[in-house]
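Remarks on the overall topology
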Amino acid sequence: MMNPSITLFALTVCFFCTHGLAQDAASPAVDENALPAGIVNEKPDEGFSVEITDGPYAGKFMVAYDMAIPGTDVIYKMTPIPGGSTVIGSPDDEEDRNEDEGPQFTVTTEPFWAGVYEVTWREFEEYMKLERQFKKLALEGIRQVTEDNAADAVTAPSQLYDPEKIFACGDGLDEPVGSVSQYGAKQYTKWLSLLTERFYRLPTEAEWEHMARCGTTTPWYFGDDPDDLIDHGWYFENGDEVRMDVGQLEASPWGLYDIYGNVAEWTLDGWVEEGYARLEGGNHSVEDALLVPTRVTHRVLRGGCFENEDACELRSSSRVFSEEWWRDDDPNSPRSPWWLTTQAPGAGFRIIRPLNIPEDDAEKLFAWDHDVDEVFNNAMDRMNTHGKGSYGIVDPELPADIEKID
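Residues numbered from 1 in each chain as written. Predicted model: local features only at pLDDT ≥ 70, side-chain atom pairs only at ≥ 80, totals over all residues. Heavy atoms only, no water.

1. Quick word on the sheet that holds strand β1 (residues 39-40)
Taken in spatial order, the three strands make up an open sheet running β1-β3-β2, and their pairing is antiparallel. The strands lining the two open edges of the sheet, one partner per strand, are β1 and β2 (49-51). When β2 meets strand β3 (residues 61-63), the two strands line up antiparallel, connected through three bridges. Residue Ser49 lies in a different strand from β3, and its bridge partner there is Val63. (Pairing = 2+ DSSP bridges. Helix = DSSP H or I, 4+ residues; strand = E, 2+ residues; numbered from the N terminus.)

2. Looking at the pattern of salt bridges
Under the defined criterion, the tally for this structure stands at 25 salt bridges. Between Lys190 and Asp369 there is a salt bridge, and its shortest N-O distance comes to 2.8 Å. You can see Lys190 sitting in helix α5 (residues 182-196) and its partner Asp369 sitting in the loop between α8 (361-368) and α9 (373-384), a full 179 residues away along the chain. A salt bridge links Glu324 to Arg335, with the shortest nitrogen-to-oxygen separation between them at 3.0 Å. Pair noted here: Glu324 is in the loop between β13 (319-321) and β14 (347-348) and Arg335 is in the loop between β13 and β14, with a separation of 11 residues, a long-range link. In this structure, a network of salt bridges that share partners links the residues Asp100, Glu205, Glu209, Arg213, Arg302 and Arg319. (Salt bridge = Lys/Arg side-chain N within 4 Å of Asp/Glu carboxyl O.)

3. Quick word on the packing of helix α2 (residues 121-128) against α5
Taken N-terminus to C-terminus, the directions of α2 and α5 make an angle of 80°; their axes are 11 Å apart at the nearest point. One finds that α2 runs roughly perpendicular with respect to α5. Residues Glu123, Phe124, Glu126 and Tyr127 of α2 lie in contact with α5, whose contacting residues are Gly184, Gln187, Tyr188 and Trp191. Here the residues of the contact of α2 with α5 are counted per class, giving four nonpolar, two polar and two charged. (Axes fitted to C-alpha atoms, helices over the stretch in contact; angles between N-to-C directions. Parallel < 35°, antiparallel > 145°, perpendicular 65-115°, else oblique. Contact = heavy atoms within 4.5 Å. Nonpolar A, V, L, I, M, F, W, Y, C, P; charged D, E, K, R; others polar.)

4. Comments concerning the side chain of Asn262
With respect to the secondary-structure elements, Asn262 resides in the loop between α6 (205-213) and β10 (264-270). At 2.9 Å, the side chain of Asn262 and the backbone nitrogen of Met244 are in polar contact. (Polar contact = N/O pair within 3.5 Å; in protein donor to acceptor, adjacent residues only side chain to side chain.)

5. A few points about the nonpolar core
Across soluble globular proteins, you tend to see nonpolar side chains buried next to one another. With 70 residues, the main nonpolar core has Phe124, Tyr188, Trp191, Trp266 and Phe349 as its most contacted residues. Counting residues per element, this core draws most heavily on α5, which supplies seven residues. Of all hydrophobic cores here, the second largest spans 18 residues; its members include Ile81, Trp254, Leu314 and Ile352. (Core = buried A, V, L, I, M, F, W, Y, C linked by side-chain atoms within 4.5 Å. Buried < 20%, exposed > 50% of the residue type's maximum accessible area, 1.4 Å probe, protein only.)

Shown next as structure tokens:
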């Protein structure tokens, strides 16, 4: 596990330096018969696709793809999101806007794939199984974490302190996961990345708004009439105060379901009261726009959730930040770094996979592991001292090792 004491500036620079494609796209010489998942030679006649304009795959096309989590029959779906420039935040005259939605600025985003759906319990429960699996592997002396392999260690979440409370707002396998912390979401993306040898992570806040807007400047991608939201997102008006199965309402023009409502989606960013004041004016890169969190709370979620009463809370520019009271009814001490509590049943996430993948492992570790000392130390203390949660090494051979012990 990476120690978060590394300089924030250095990590931020590393994370966003895209010198080339790594893992599934490491060499400029492209094997026409072995393209990475989601890339094809010719533009399909049907379905949404994005032409690749530079790099080793220039002239080819990003397309949607389905993938099974290795070692399981659980499928997750990804769809391409085009790059481009997007105005982030809301104009001063947008109805019901909040002050932290401005001042507006422009960001230039590189292409990426995004989860068609928010991560569901069906997917997340495969990650939750790691706690038991890692402990059984450790008893056999398998996948022990050492100084040499710590970068490939993933923390597995502790068991739910009270499943009845966590699942009070829905327990269906096709409902989006809720009450998960940003740390838990980031570790999930690390686990999936190391299993598949592809680079998955949470979106930055700017990337999230870019994919939500789909090139529009209206409050929602479908326009400015709040009455139309009922066909696109689950909230108090139509959500029956519970998490709903993903994919039931209309998709966005770029193929995303529930980008508004159901659960609010974690980003990598922190929140400050002055909003985007530091970014006012000019065209910024994604790395410039990222606000690295410096405290346990005040981390940004986007899209609104099933608990929101007003459509304005689910606009493309709407923001919400985590607060300490979201963990109030956690009976454990220290409180779980992976789970929130019944105070935040609408905290979930969606994953993305960048087209341009950083070469250096440190660049990926920033997206997966970096956190303030309090979160990092809390996770280690709960595992080492209290036996809650566990950690171990993840790579493509993990499913085979698990099969042996099971």
